[in-house]
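Coordinates in review
This is what each chain is made of:
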Amino acid sequence: MITYLFKRLLEMVPTLIGITLISFFIIHLAPGKPTDVLAELNPKITPEAREKLEKYYGLDKPIMVQYGMWLKRVVKFDFGESFSTDRRPVMEKIWDTKQPLLERRLFITFMLNLLSLFIILIIAMPIGIASATHQYSLYDKITTVFVFIGFAMPSFWLALLLMMYFGIHHNWLPISGLKSMNYESLPLLEQIWDRGRHLILPIFVSAFTGLAADSRFMRSSMLEVIRQDYITTARAKGLPERTVIYKHALKNALLPIITLMGLSVPGLIGGSVIFENIFGIPGMGQLFYASVMTRDYPLVMGILTVGAILTLLGNLLADLGYMIADPRIRAK
Amino acid sequence: MSDYSIKKLFWKRFKRNKLAIAGGVVVLALFFIAAVAPFISPLNPNDIDRRHILEPPGAGHLLGTDDLGRDVLSRMIYGSRISLSVGFVAVGIATLIGMLVGAISGYYAGWLDRIIMRFIDIMLSIPTFFLILAVIAFIGPSIWNIMIVIGLTSWMGVARLVRAEFLSLKEREFVLAAKALGAGDMRIIFGHIMVNSLSPVFVSAVLGVAGAILVESALSFLGIGIQPPIPSWGNILTLGKDNLEIAWWLSVFPGLAILITVLSYNLVGEGLRDALDPRLWGSGE
């Protein structure tokens with residue numbers, strides 16, 4: 001197990017280098033330069049000043065050299081300085097150690113995604129199981145409709161509708177940010193309640209599409225399993241249906257879901273740009289949006305790399321989960 | 001025998017799936033709307049009318065007006081052109097690349113296949129939406145750029161699909177026979193194997209159109225996609241967000257249009273999948 005884990009972690013290194021190499025090339029070879037943005041803000045900037053700036057950032061060097069320099073620093077977890085006027089290190093922008101944990105951008109995005117994965121799992125599982133055990137019933141048909149709508153739902157539209165209904169029409173839930181203006185003056189219990197209320201809509205929105213996909217997957221996976229001989233055996237020896245489904249069938253039906261969860265990580269991270277933008281959440285997605293608008297190369301690369309690492313870790317966790325759940329693979 | 005021809009069998013199965021037929025009708029209707037947009041839209045989509053800004057749906061403007069007094073219905077009718085063309089061109093690019101890469105990978109196998117598969121794994125680990133966002137923001141948000149970038153970042157699924165088909169088909173008798181008759185690689189790849197692996201590619205392309213439409217509308221919504229004054233469903237929704245408290249119609253209608261379009265493509269795609277899968281034929285006939 002430990003050897004396997006170690007081997008997998010080692011395998012991640014060339015993949016990660018591949019990802020950063022491709023991203024770096026695409027980003028740096030796109031027409032235009034970061035100094036274009038500066039020139040837009042300050043039309044009086046002289047060509048000499050621009051050149052000096054490009055030299056300062058190392059943008060005048062061949063792209064392979066630039067990538068080499070970048071990689072050398074990243075090994076030490078240093079993503080360089082942001083191009084923006086504050087010149088802060090990229091790492092500090094993503095993971096500001098001076099801030100409390102709850103205020104750090106990476107932590108915010110990570111927690112939101114983790115929470116929505118959790119919500120997806122605990123809601124999609126029972127929905128999918130019930131659909132499978134009651135195939136072609138009215139319930140099954142209703143959930144199928146829900147699943148198709150879920151697949152087609154633009155998450156940002158769902159967000160707007162929920163904001164309109166729960167936030168503006170009824171004023172039940174806050175629609176922006178992660179805490180209220182008067183947060184600091186609240187007693188602890190109310191602070192927790194306040195944070196929870198702010199999370200309801202963003203997490204529901206980010207979980208919605210995954211919910212549809214996973215419950216559908218759970219259904220088909222369960223349908224396949226309950227047709228197997230060993231399920232018939234379990235029923236034949238007189239086990240109650242509940243035991244058959246939740247003890248014998250569920251374990252095997254869960255296997256493909258674990259893989260699916262791992263694969264859904266890049267989609268969730270990508271989606272965070274959209275819902276952090278809508279709900280005004282100060283996470284990594286919001287920062288990424290700002291960084292591409294100003295062509296802040298180091299920041300763009302830093303966030304892409306962190307996103308890729310999270311994706312690879314998600315895949316690794318899925319594989320480990322698979323191993324724990326399936327003794328046949330563990331034996332290999 | 002003609003009653004059992006592939007086409008008839010396919011049509012017979014597809015026809016039974018009422019949801020897929022409904023989806024197909026909606027898709028055709030959208031094409032029609034996009035084609036005749038200038039003739040059916042009640043007003044010019046870019047006509048600014050400052051006396052009638054943010055008017056709710058009513059007799060003069062069936063779906064209301066936006067913050068510049070432009071007719072929302074007309075803008076949505078023209079917006080359908082964007083969604084359809086982005087969907088088709090992006091998927092066309094992705095499908096072509098995917099077919100080519102998958103064919104090479106599956107047919108030649110060996111080290112080339114290993115490199116290509118590795119590359120695909122890498123591409124799948126990049127949060128694609130981040131990359132699309134960055135590239136479009138850098139090269140500028142024209143409709144062609146959007147189509148190309150979405151196409152270039154979504155071919156991996158097709159490539160895997162085609163590769164799997166090639167791996168399973170290339171040792172079959174009909175391919176070996178063609179080889180024995182002296183057919184060249186190109187002829188075997190395109191004339192013999194590719195034609196036999198088209199149906200799953202077709203299904204994934206139809207489903208891909210739905211995905212591309214969602215990505216385009218998300219980009220436009222974020223302000224990095226189709227730029228006003230060119231109307232797209234996504235950028236009308238941006239106005240909806242900006243005027244959320246006063247103009248519900250700017251959010252509700254374009255979003256509904258995206259939902260219905262994407263839903264229809266998905267229904268058609270699922271229907272095609274079921275109808276094209278020979279393993280399901282004969283069941284329930």
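Here is what the cut-offs are and how they apply
- Residues numbered from 1 in each chain as written.
- Chains lettered and ligands numbered in written order.
- Predicted model: local features only at pLDDT ≥ 70, side-chain atom pairs only at ≥ 80, totals over all residues.
- Heavy atoms only, no water.
- Helix = DSSP H or I, 4+ residues; strand = E, 2+ residues; numbered from the N terminus.
- Buried < 20%, exposed > 50% of the residue type's maximum accessible area, 1.4 Å probe, protein only.
- Salt bridge = Lys/Arg side-chain N within 4 Å of Asp/Glu carboxyl O.
- Contact = heavy atoms within 4.5 Å.
- Buried area = accessible area lost by both parts, 1.4 Å probe.
- Polar contact = N/O pair within 3.5 Å; in protein donor to acceptor, adjacent residues only side chain to side chain.
- Nonpolar A, V, L, I, M, F, W, Y, C, P; charged D, E, K, R; others polar.
- Domains from an automatic or database assignment.
- Phe/Tyr/Trp six-rings, centres within 6.5 Å; stacked < 30°, edge-to-face > 60°.

**A look at unusual backbone geometry**
- For the bond from P228 of chain B to P229 of chain B, the omega torsion is 10°, close enough to zero to count as cis.
- Mapped onto the fold, P229 of chain B is located in the loop between α11 (198-221) and α12 (233-242).
- Here the phi dihedral of R87 of chain A falls at roughly 55°; this positive angle occurs in a residue that is not glycine.
- Tracing the backbone shows R87 of chain A in the loop between α4 (63-74) and α5 (90-94).
- When its relative accessible area of 36% is taken as the criterion, R87 of chain A is described as partly exposed.
- If you check the backbone angles, Y136 of chain A has positive phi at about 70° while not being a glycine.
- Note that Y136 of chain A resides in the loop between α6 (105-133) and α7 (138-152).

**Description of the pattern of salt bridges**
- Across all of its chains, the model carries 17 salt bridges over all chains by this definition.
- Here D66 of chain B ties to R75 of chain B by a salt bridge, and the two come within 3.8 Å at their closest N and O atoms.
- Given a relative accessible area of 3%, R75 of chain B falls into the buried group.
- Linked by salt bridges that have partners in common, R88, E92, D96 and K98 of chain A make up one network.

**Overview of the interface of chain A and chain B**
- Tallying the contact residues gives 45 residues for chain A and 39 residues for chain B.
- When chain A packs against chain B, the two sides together hide about 3700 Å² of surface, and 84% of this comes from carbon and sulfur.
- Here chain A is connected to chain B by 5 residue pairs in polar contact (both at pLDDT 80 or more).
- Contributions of two or more residues to the side of chain A that touches chain B are made by α1 (2-29), α7, α8 (155-169), α12 (265-279), α13 (284-293) and α14 (297-325) of chain A.
- At 9 residues, α14 of chain A tops the list of elements feeding residues into the side of chain A that touches chain B.
- Tallied by class, residues from the side of chain A that touches chain B come to 34 nonpolar, 9 polar and 2 charged.

**Let's talk about the side chain of S251 of chain B**
- Mapped onto the elements of the fold, S251 of chain B is located in helix α13 (residues 249-276).
- Given the relative accessible area of 0%, S251 of chain B is considered buried.
- In contact with S251 of chain B, other than residues within four places in its own chain, are W157, L160 and M164 of chain A together with L237, G240, K241 and L244 of chain B.

**Brief notes about the environment of I122 of chain B**
- Tracing the backbone through its elements, the reader meets I122 of chain B in helix α5 (residues 110-125).
- On the basis of relative accessibility, which here comes to 9%, the residue I122 of chain B falls in the buried class.
- In this structure, I122 of chain B is in contact with T15, G18, I19 and I22 of chain A, ignoring residues within four places of it in sequence.

**Quick look at the domain arrangement of chain A**
Residues and elements named next belong to chain A.
- Assigned domains of chain A: these are domain 1 (16-78) and domain 2 (101-331).
- The distance between the C-alpha centroids of domain 1 and domain 2 comes to 36 Å.
- With 15 residues of domain 1 at the interface, the matching set in domain 2 holds 11 residues.
- Taking both partners together, domain 1 and domain 2 bury about 1100 Å²; carbon and sulfur atoms supply 78% of that area.
- Across the contact surface, domain 1 and domain 2 share 0 salt bridges.
- If you look at where domain 1 meets domain 2, you find 1 residue pair in polar contact (both at pLDDT 80 or more).

**Some words on the packing of aromatic side chains**
Residues and elements named next belong to chain A.
- Per the counting criterion, the structure on display carries 21 aromatic pairs over all chains.
- Where F83 meets Y297, the ring centres are 6.2 Å apart and the plane angle is 40°; that geometry is what we call tilted. Separated by 214 residues along the polypeptide, F83 in the loop between α4 and α5 and Y297 in helix α14 bring together distant segments of the chain. With respect to class, F83 is no different from Y297; both count as buried.
- Here the aromatic rings of F146 and F208 are separated by 5.7 Å at their centres, their planes lie at 90°, and the arrangement is edge-to-face. You can see F146 sitting in helix α7 and its partner F208 sitting in helix α9 (residues 188-225), a full 62 residues away along the chain.
- The class of F208 is buried, set by a relative accessible area of 10%.
- Each residue in the set F24, Y67, W70 and F79 is aromatic and connected to the rest through ring pairs, giving one cluster.

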